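Here are the chains, one letter per residue:
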Amino acid sequence: MKIESKSITSQISKFIEFLNRYKLEVFVIFVCIIFGFLIMKISVYSTQEPSSNSLDEKIKTVKLPKVDEEAVRNIQKLEDQNIEVKSLFNDARNNPFSE
């Protein structure tokens, strides 16, 4: 099988003519293929569950906040003593987004 340069150039010129004639359609098909691939990869990554090993590692790094019991007792004592503070605490509990 011999490859001649004239046949290659004629093939290339036919292909270039095809691309020039249908460049919009080729571009739209190319963009649709890219978007389809991206949508497929996004759906794969969004349904993927983390492994139990990675969950265990993340749980080990989480530090739980510790509340000082003495501070809680002091706040409750202040709340009981001051009517204005007590009303502020109750209002904040009922509607935390009000100013």
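Our structure is the block above this text.
Residues numbered from 1 in each chain as written. Predicted model: local features only at pLDDT ≥ 70, side-chain atom pairs only at ≥ 80, totals over all residues. Heavy atoms only, no water.

Novice: Report on the pattern of salt bridges, specifying residues and quantitative values.
Specialist: For the structure shown, the criterion picks out one salt bridge. Across the salt bridge formed by Glu70 and Arg73, the nearest N and O atoms sit 2.8 Å from each other. In this pair, Glu70 and Arg73 are both assigned in helix H4 (residues 69-81), three residues apart and thus about one turn of the helix distant. (Salt bridge = Lys/Arg side-chain N within 4 Å of Asp/Glu carboxyl O. Helix = DSSP H or I, 4+ residues; strand = E, 2+ residues; numbered from the N terminus.)

Novice: Now, about the environment of Glu79: what can you tell me, with residues and values included?
Specialist: Along the chain, the position of Glu79 falls in helix H4. Relative accessible area serves as the criterion here: at 11%, Glu79 is assigned to the buried category. Through-space distance from the C-alpha of Glu79 to that of Phe89 is 7.8 Å; in sequence the pair is 10 residues apart. (Buried < 20%, exposed > 50% of the residue type's maximum accessible area, 1.4 Å probe, protein only.)

Novice: I'd like to hear about the packing of aromatic side chains, residue by residue, with values.
Specialist: One pass over the structure, following the stated rule, counts one aromatic pair. Judged by centre distance (5.1 Å) and plane angle (55°), the rings of Phe18 and Tyr22 are tilted. The class of Tyr22 is partly exposed, set by a relative accessible area of 34%. (Phe/Tyr/Trp six-rings, centres within 6.5 Å; stacked < 30°, edge-to-face > 60°.)

Novice: I'd like a description of the packing of helix H1 (residues 5-21) against helix H2 (residues 23-47), backed by residues and values.
Specialist: At their nearest, the axes of H1 and H2 sit 4 Å apart, and the two run at 80° to each other. Classified by the interaxial angle, the pair formed by H1 and H2 is roughly perpendicular. Touching Leu19, Asn20 and Arg21 of H1 are Lys23, Glu25 and Val26, all from H2. Classifying every residue of the contact of H1 with H2 by side-chain character gives two nonpolar, one polar and three charged. (Axes fitted to C-alpha atoms, helices over the stretch in contact; angles between N-to-C directions. Parallel < 35°, antiparallel > 145°, perpendicular 65-115°, else oblique. Contact = heavy atoms within 4.5 Å. Nonpolar A, V, L, I, M, F, W, Y, C, P; charged D, E, K, R; others polar.)

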